[in-house]
Amino acid sequence: MARTAIIAGSGQLPQILAAALETPVYVTLSDVVVPDGIDHVTARIEKLGKLFKALKARDVTSVAFAGAMARPKVNPVLLDRHALRLATSLGKGDDALLREVIATFEGQGFTVRAATEICPDLTLPAGTLWGRKPSTTDLDDAARAQAVLDALSPLDVGQGAVCAGGQMLGIETLQGTDAMLGFVAATPASLRRERGVFVKMPKAGQDLRIDMPTIGLDTVEAVIAAGIGGMVIPAGGVIVLDHVAMKSRIEEAGLFLQAL
C-alpha cells in the first residue's frame, strides 16, 4: 500500500496531517514531538540518500512538508551526493531553496503533496469574516500592505506586512512573522495613526505544496500584543489552525479576520 511521509517541522500541522492519513511515516530532521504509535524515521540533511532508502523500504510514494523549519546547519564533510546538490542552494532565497527541495524529492520518484490536499479544510473560503466588520480605513490599510507584498514578491522577502493609517509599520523578512509583530508592538504610539491591519499571503509564484503561509492562535495573540486591529488573508491561500479557538479569541479581543 502506497504511503505518505510527513517531513515534520515544529508546530501542530505535522500532527494534524498524521491524524488524517491512514498509515503515515513521520520524518524528523530536528528535535520535534513525534505522535505515539506512528512509524518514525530520524534523518540528517547531509544523508538524504539514507532517508530515500528508508522511505522506499516503507512503500512511501509521496511526501508532505509540514511545520516550521529553520535552515539547517550543515556539516559539509558528511554530505552525500543527494545532499550536496541541495546544500548549494542554502544561500539562496526561500523560494529558490524550496524549489530545489521539491526537485530533489521528485527526482527520487516521490510526489510532493500539499497539506491542503490532505486536509482541505485548513484554509478559509472567500467571504469568511470572524469578529468585527472592518472599517474603510482597515480595508485601505489591508490593500496597501498587500500592494507592498506584491511589489516585494519578486525579491523573495516575506509573506506578511502591517499597515496602519497608510503607513507601513512592519514587513516580514528572514526573522519571520513573530519578529515582525514584535517590532510593531515596540513602535511608539506617537508614530501610529491607526491600529492597523496585518496581511499574510503567499508570494507571487510561490509553490504552495511546501510553504503555504500559516497562522494560528499564537499569531492572534501576537497581533493583540502588537495593538493591531485585524488580519486579512487570501481565501484558500493561508493555512489557518485552531479555527474554533481562533474565531473565539478574535471576537473576544474585538479584532477581525477576513479572507478575501
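Residues numbered from 1 in each chain as written. Predicted model: local features only at pLDDT ≥ 70, side-chain atom pairs only at ≥ 80, totals over all residues. Heavy atoms only, no water.

*Asks:* Help me understand the side chain of Thr116 in this model?
*Replies:* Structurally, the position occupied by Thr116 is in helix α5 (residues 115-118). We classify Thr116 as buried; its relative accessible area is 19%. (Helix = DSSP H or I, 4+ residues; strand = E, 2+ residues; numbered from the N terminus. Buried < 20%, exposed > 50% of the residue type's maximum accessible area, 1.4 Å probe, protein only.)

*Asks:* I would appreciate a short explanation of the sheet that holds strand β13 (residues 256-259) in the present structure.
*Replies:* Adjacent strands of a sheet pair through backbone hydrogen bonds, lying either parallel or antiparallel. Here six strands make up an open sheet; going across it, the order is β6-β13-β11-β9-β7-β8 and the pairing mixed. The strands lining the two open edges of the sheet, one partner per strand, are β6 (129-131) and β8 (167-171). Looking at each pair of strands side by side, their axes are set apart by 15° on average, direction ignored. One ladder, built from three bridges, connects β6 with β13; its direction is antiparallel. Across the sheet, Trp130 pairs through a bridge with Leu257, a residue of β13. Here helix α6 (residues 136-152) sits on the sheet in contact with β7 (160-164), β8, β9 (197-200), β11 (230-233) and β13, set at roughly 140° to β7. The strands touched by helix α9 (residues 243-253) within the sheet are β6, β11 and β13, with β6 carrying the most contacts at an inclination of about 55°. (Pairing = 2+ DSSP bridges. Axes fitted to C-alpha atoms, helices over the stretch in contact; angles between N-to-C directions. Contact = heavy atoms within 4.5 Å.)

*Asks:* I tried to follow the packing of aromatic side chains on my own but got confused; where do I start?
*Replies:* Under the definition given, this model contains four aromatic pairs. Judged by centre distance (5.2 Å) and plane angle (85°), the ring pair of Phe52 and Phe105 falls under edge-to-face. A residue pair is termed long-range when its members are at least 10 positions apart, and Phe52 in helix α2 (residues 48-57) and Phe105 in helix α4 (residues 94-107) qualify at 53 residues. On the basis of relative accessibility, which here comes to 2%, the residue Phe52 falls in the buried class. Taking the relative accessible area as the measure of exposure, Phe105 reaches 5% and is therefore buried. Pairing Phe52 with Phe110 gives two aromatic rings, centres 5.9 Å apart and planes at 40°, and the pair type is tilted. Linking Phe52 in helix α2 with Phe110 in the loop between α4 and β5 (111-113), this pair joins segments that are 58 residues apart in sequence. (Phe/Tyr/Trp six-rings, centres within 6.5 Å; stacked < 30°, edge-to-face > 60°.)

*Asks:* Teacher, can you tell me more about helix α8 (residues 217-225) here?
*Replies:* An α-helical segment advances 3.6 residues per turn. Residues three or four places apart therefore align on the same side. Along α8, the residues that are buried comprise Thr219, Val220, Ala222 and Val223. All buried residues of α8 lie within an arc of 165° about the axis, which places them on one face of the element. Away from its buried face, by an angle of more than 90 degrees, α8 presents the exposed residues Asp218 and Ala225. In this fold, the buried residues of α8 make contact with α7 (177-185), β9, β10 (214-215), β11 and α9. One or two residues past the end of α8 sits Gly227, with phi positive at roughly 75°. (Arc of directions from axis to C-beta.)

*Asks:* When you look at unusual backbone geometry in this model, what are you seeing that I'm missing?
*Replies:* Located in the positive-phi region is Asp59, a residue other than glycine, with phi close to 65°. Relative to the helices and strands, Asp59 resides in the loop between α2 and β4 (60-66). The phi angle at Asp242 is positive, at roughly 55°, despite the residue not being glycine. Residue position: Asp242 is located in the loop between β12 (239-240) and α9. Judged by its relative accessible area of 30%, Asp242 is partly exposed.

*Asks:* What's the story with the sheet that holds strand β1 (residues 3-8) in this structure? I'm lost.
*Replies:* Strands sit in the order β3-β2-β1-β4-β5 across an open sheet of five strands; the sheet is parallel. Every other strand in the sheet has two partners, leaving β3 (39-42) and β5 as the edge strands with one partner each. Strand-to-strand, the axes of this sheet are offset by a mean angle of 30°, without reference to chain direction. Examined bridge by bridge, β1 and strand β2 (residues 25-28) share four bridges and lie parallel to one another. Among the inter-strand pairings, Ile7 is bridged to a residue of β2, identified as Val27. Across the sheet, α2 touches β1, β2, β3 and β4, and the angle it forms with β2 is around 170°.

Geometry only, nothing functional implied.
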